[in-house]
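# Structural description and commentary
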Amino acid sequence: MARQQLPPWVHAAILLCLLSLGRAIEIPMDLSQPPTITKQSVKDHIVDPRDNILIECEAKGNPAPSFHWTRNSRFFNIAKDPRVSMKRRSGTLVIDFRSGGRPEEYEGEYQCFARNKFGTALSNRIRLQVSKSPLWPKENLDPVVVQEGAPLTLQCNPPPGLPSPVIFWMSSTMDPITQDKRVSQGHNGDLYFSNVMLQDMQTDYSCNARFHFTHTIQQKNAFTLKVLTNHPHNDSSLRNHPDMYSARGVAERTPSFMYPQGTASSQMVLRGMDLLLECIASGVPTPDIAWYKKGGDLPSDKAKFENFNKALRITNVSEEDSGEYFCLASNKMGSIRHTISVRVKAAPYWLDEPKNLILAPGEDGRLVCRASGNPKPTIQWMVNGEPLQSAPPNPNREVAGDTIIFRDTQISSRAVYQCNTSNEHGYLLANAFVSVLDVPPRMLSPRNQLIRVILYNRTRLDCPFFGSPIPTLRWFKNGQGSNLDGGNYHVYENGSLEIKMIHKEDQGIYTCVATNILGKAENQVRLEVKDPTRIFRMPEDQVAKRGTTVQLECRVKHDPSLKLTVSWLKDDEPLYIGNRMKKEDDSLTIFGVAERDQGSYTCVASTELDQDLAKAYLTVLGRPDRPRDLELTDLAERSVRLTWIPGDDNNSPITDYVVQFEEDQFQPGVWHDHSKFPGSVNSAVLQLSPYVNYQFRVIAINEVGSSHPSLPSERYRTSGAPPESNPADVKGEGTRKNNMEITWTPMNATSAFGPNLRYIVKWRRRETRESWNNVTVWGSRYVVGQTPVYVPYEIRVQAENDFGKGPEPDTVIGYSGEDLPSAPRRFRVRQPNLETINLEWDHPEHPNGILTGYTLRYVAFNGTKVGKQIVENFSPNQTKFTVQRADPVSRYRFTLSARTQVGSGEAVTEESPAPPNEAYTNNQADIATQGWFIGLMCAIALLVLILLIVCFIKRSRGGKYPVREKKDVPLGPEDPKEEDGSFDYSDEDNKPLQGSQTSLDGTIKQQESDDSLVDYGEGGEGQFNEDGSFIGQYTVKKDKEETEGNESSEATSPVNAIYSLA
């Protein structure tokens, strides 16, 4: 955060203003005066031949001057040439070529004369030249034959253009020639090779000339090089080798100068111009150039190095820059020096330029013309364009070298005088008139002006006036007091009053009075004092990460009677407020800060009278710039040193460098991470693999992010070797039930170690003594066919290239293809209570692969009603599952199958047993209180009683009665009752009881039957609860055929009749 100094242009404006205060008084244009040149063309006027020619000359005077021209010191008759005209009220020449003509015919030296009755003013001598861009002469260039390591100069010799063309070298395909300290273009346009390398043959070389006025580029026929070498193979790995030249069989040699030649030379430069010194040297290795000045230091404020230190430029040369300079060219073989003696000459320059002289009749005065140069210039005086010696004599005029003295001037002394000073390097021409007037004082500015000024500032109250003799001027405040001069006030020659520091009490009305012997004149100026504009809360320096939001404050206090404007500058240029910025009265907000937002921000608070500035610097933490200038050195069989120049860290220190590589055989164009290094290093030794054509790049990393990758390095190929490893991730898996696919991860470029990488694949069945099968594969898979289902195999995969085989590979166990598994074994359904059903099973006898799980599908049913099927999937290790019953009476059908990756195998199906009779009795309790049910039960009880009596009578008689035998299944050792009270039911033992069916809603549906309840009266396992209800389990299956064969012959008895009715 800083309060900004006034910009340089403000200081320049103040200086210019102060200089103007001391200038001679100008004659008002309504008074008679000699001509004055106000505008003219430059001395060396080069024009475009495609345009009309304009030669400017404008002047003022009263009466208005007339114009005429000379060409090559002879009168130029404009009226005789139809192409030439003169602008109205001006002396500017216009030469029109629309109707034909050659511009070259009008080349020459022109001078303009502006004349009225009081004198003649002259322009500079204007040298008119037409721009030229001649064609390059056609030539057939033979190939340039040169020995590798030798120096070479390709000469450009462009055609002489006007102005001189800009020279640059390109190939014939318009690709720029890369230049460095070994190959560079000299100031004369030639292309210099300090030493030629074989790689220089890869392109041709064409000199191009760009002409300014015609905007055309001409191309010279291209040079082609033929380089003779002892090492014809252009191995890129040698390009940056520390002993590149010796590696290529090039002899090293000491430097010698190609330009300038010899050990000494001299150069002349004109004062105010740029001095350009150049030294280009040959040698192996390429020499380095350093510059020195004998007896002193190089002027640091004006000196800069160009063209890879081969050129030294000193700007705005002055006499103290003369002396001896020398360049030193050195390499490891030695050094040489060349001394350049610099002489500074000077075209004429003004020490005291003559100024217009205004005199009253009888006054004395003088014109002074002083100039310097090297050599010393001569001075020639002229009057109205004629040599002073040939002008009529004037007794009131005396010439004393560089001064003309006028005494007791009269009206007849009015004229325009010219001072021409020249030497061999140029000339200066100045006009100054002598005007003799008799004019009373007059004010030249509007009356009663209002001047507003800021408190504590310096200000100036202008009061332009004129009179002859020159009037005296005095200032007064509020019409009272003495003349204002001295102390806080200063009156300049032109009448301006300066107040050095304004205070509140300086506000008021100021009167200026001009007086000479012919009278006086006055004017008034009203001065108002305003409060200054001040930024009381200035923006502060900030550091922000890319993408964040930054706010810069700028709060201002100003005079309320003045309009305030707040604007912002970035890096001292007006800030464009884009859509990422928001400017308010007291702040500037930047959203999503980017690297380009970094810089200085200046708040400018301004009114029409003053301004205040405050500056803050925004530092943006951005990603680093890319590293550059990668170089490979210390080349070895399995390593190389990589060196790079770090890029700008963009205000966030570089923490790491990632080195990446690319090879052009296996994955061209794909970059891989090689290694990572701390941000403090810029050189590292990289370990390399055999037979890889490496190319490297470097990425810089800081806290903000990663840089763009550097440009790639030169390539470096290592020699080959047998593989040192085998492929990884070797697997054997079946894709079908009768095959096995052997796969592996292919080895990359850094592990191939040689050309023609291939794989030897071996396999055999595990735990057998059969021999190994083998095949050579170029890809990354091989399929073995006609294999048994899911059989283990021993597998080996070995890498091999043209240099040999890799190490013995490890043995990997793989399996042939899988098939569907067989059904799970011993699927058991148990019902421990009315709420749950337990399922258990064993693994399939033939899994035919790796079991991936089990799938259980089950559905509840009750008679013809079937519920929604439910599917459960289990892991391969799970062999139990419990089902929560939805109701106590429904049965369940379960289907279980095992899975491999091929799919689900054979399924096994089981059903849950019928629910026990307690479910029946419990359901009957719900209707026991119904009237119809009570009546029905009474009838049944009576019927049962009658049947019992009949049975008793029959038994007591010893007779037989037709009772169907039931098939009891006793609880024996083969089917014991579980300790927890549950029973194990099988499909054969758990058929539902005929004569009843339990519905899904829990009710009992009585079915029609031929069986008598007496049939179940004996031999059963029925039991009675404490309440007398019958809970016997019905497991009997009726046999109709047996019943039909046991009918009694006594069926006609009353008892039999009753039995038969039952």
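The sections below set out a description of the structure shown in this document. Bear in mind the structure is a predicted one, so any value in this text is a computation, not a measurement.

The rules behind each value
- Residues numbered from 1 in each chain as written.
- Predicted model: local features only at pLDDT ≥ 70, side-chain atom pairs only at ≥ 80, totals over all residues.
- Heavy atoms only, no water.
- Core = buried A, V, L, I, M, F, W, Y, C linked by side-chain atoms within 4.5 Å.
- Buried < 20%, exposed > 50% of the residue type's maximum accessible area, 1.4 Å probe, protein only.
- Helix = DSSP H or I, 4+ residues; strand = E, 2+ residues; numbered from the N terminus.
- Contact = heavy atoms within 4.5 Å.
- Salt bridge = Lys/Arg side-chain N within 4 Å of Asp/Glu carboxyl O.
- Disulfide = S-S within 2.5 Å.
- Patch = residues over 30% accessible without salt bridge, like charges linked within 9 Å, V, L, I, M, F, W, Y side chains within 5 Å.
- Areas by Shrake-Rupley, 256 points an atom, 1.4 Å probe, with all protein chains shown as cover.
- Polar contact = N/O pair within 3.5 Å; in protein donor to acceptor, adjacent residues only side chain to side chain.
- Pairing = 2+ DSSP bridges.
- Axes fitted to C-alpha atoms, helices over the stretch in contact; angles between N-to-C directions.

All right, on to the nonpolar core then. Within the largest apolar cluster, 30 residues are counted, with the highest numbers of intra-cluster contacts made by I55, W69, L93 and Y110. Of all elements in the fold, only β4 (53–55), β5 (57–62), β6 (66–71), β9 (93–95), β10 (108–116) and β12 (126–130) reach the threshold of two or more residues within this core. In this structure L93 touches I53, L54, I55, W69, F76, I78, V84, S85, M86 and Y110, once residues within four positions along its chain are discounted.

This paragraph deals with the pattern of salt bridges. Applying the stated criterion across every chain yields a total of 47 salt bridges. Linking E56 and K39 is a salt bridge whose minimum nitrogen-to-oxygen distance equals 3.3 Å. Of this pair, E56 sits in the loop between β4 and β5 while K39 sits in strand β2 (residues 33–40); the two residues are 17 residues apart in sequence, bridging distant segments of the chain. Across the salt bridge formed by D597 and R580, the nearest N and O atoms sit 2.9 Å from each other. One end of the pair, D597, is in the loop between β55 (587–590) and β56 (599–606); the other, R580, is in the loop between β53 (573–574) and β54 (581–584), with 17 residues separating them in the sequence. A relative accessible area of 3% places D597 in the buried class. A relative accessible area of 22% means that R580 is categorised as partly exposed. Through salt bridges with shared partners, a single network forms among R537, E553, R555 and D586.

The final tally for this structure, using the stated rule, is six disulfides. One disulfide bridge connects C57 with C112, the sulfur atoms lying 2.0 Å from each other. Since a negative S-S torsion denotes a left-handed disulfide, the C57-C112 link at about -75 degrees is left-handed. On the criterion of sequence distance, the pair formed by C57 in strand β5 and C112 in strand β10 is long-range, its members being 55 residues apart. Each member of the pair, C57 as well as C112, is classed as buried. Here C279 engages in a disulfide with C327; their sulfurs sit 1.9 Å apart. The sign of the -75 degrees torsion about the S-S bond sets the C279-C327 disulfide as left-handed. In this pair, C279 is assigned in the loop between β23 (275–278) and β24 (280–284) and C327 in strand β28 (residues 323–331), connecting sequence segments 48 residues apart.

Time to look at a nonpolar patch on the surface. A cluster of nonpolar residues, W932, L936, M937 and I940, forms a patch on the protein surface that exposes about 390 Å² of accessible area. When you line up the elements, I940 lands in helix α5 (residues 931–957).

Time to look at the side chain of N739. Relative to the helices and strands, N739 resides in strand β66 (residues 739–745). A polar atom in the side chain of N739 sits 2.8 Å from the side chain of T735. When near neighbours in sequence (up to four residues on either side) are disregarded, N739 contacts G734, V783, V784, G785, T787, S816 and G817.

Right, let's talk about the sheet that holds β9 for a bit. Here three strands make up an open sheet; going across it, the order is β4-β9-β8 and the pairing antiparallel. Each edge of the sheet is formed by a strand with only one pairing partner; in this case those strands are β4 and β8 (84–86). For this sheet the average axis-to-axis angle between neighbouring strands, irrespective of direction, equals 20 degrees. Examined bridge by bridge, β8 and β9 share three bridges and lie antiparallel to one another. Residue pairing in the sheet places M86 in a bridge with L93 of β9.

The subject of this paragraph is the sheet that holds β66. Strand order in the open sheet formed by three strands is β65-β66-β69, and the pairing between neighbours is antiparallel. A strand with exactly one partner marks an edge of an open sheet, and here the two such strands are β65 (728–733) and β69 (781–785). With direction set aside, neighbouring strand axes in the sheet form an average angle of 10 degrees. Here β66 pairs with β69 via five bridges, running antiparallel. Following the sheet pairing, M740 is matched in β69 by V784.

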